[in-house]
Amino acid sequence: MRYTIRIDQDRCRGESICTAIVPDNFVMSASGKAEVNRNTIGEEEYAKHREASRLCPYYAIALQAQE
Ligand code: SF4
């Protein structure tokens, strides 16, 4: 299974929680909001991305299973 990750730029407030949990994929942009390096991940990376999504105080991170 592969997953698509999206960060809602309107919801993100730059709390940097996601970048602390998954520093190799969530990064802060010059505008002070989080971005993803890779918007598609595999099963082996799902758990830590799911944790970042769960802990984002603004529900800005969406993970969607690909068909
Ligand atoms: S944890 Fe949420 S609010 Fe904080 S930088 Fe990441 S996406 Fe943005």
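The structure this text deals with has already been given above.
Residues numbered from 1 in each chain as written. Predicted model: local features only at pLDDT ≥ 70, side-chain atom pairs only at ≥ 80, totals over all residues.

**Section: the sheet that holds strand S5 (residues 61-65)**
- On the basis of which strands lie adjacent, the open sheet formed by three strands has the order S4-S1-S5 and antiparallel pairing. Among the strands making up the open sheet, the edge pair consists of strand S4 (40-42) and S5. Each neighbouring strand pair of the sheet contributes to a mean axis angle of 30 degrees, computed without reference to strand direction.
- Docked against the sheet, helix H2 (residues 43-55) engages strand S1 (2-7), S4 and S5, running at close to 120 degrees with respect to S4. (Pairing = 2+ DSSP bridges. Helix = DSSP H or I, 4+ residues; strand = E, 2+ residues; numbered from the N terminus. Axes fitted to C-alpha atoms, helices over the stretch in contact; angles between N-to-C directions. Contact = placed C-beta atoms within 7 Å.)

**Notes on the pairing of S1**
- Of the pairings in the sheet, the one linking S1 to S4 comprises three bridges and is antiparallel in character. For Thr4, the partnering residue across the bridge sits in S4 and is Thr40.
- Sheet analysis places S1 next to S5, joined by five bridges and oriented antiparallel. Looking at S5, one finds that Tyr3 is bridged to Ala65.

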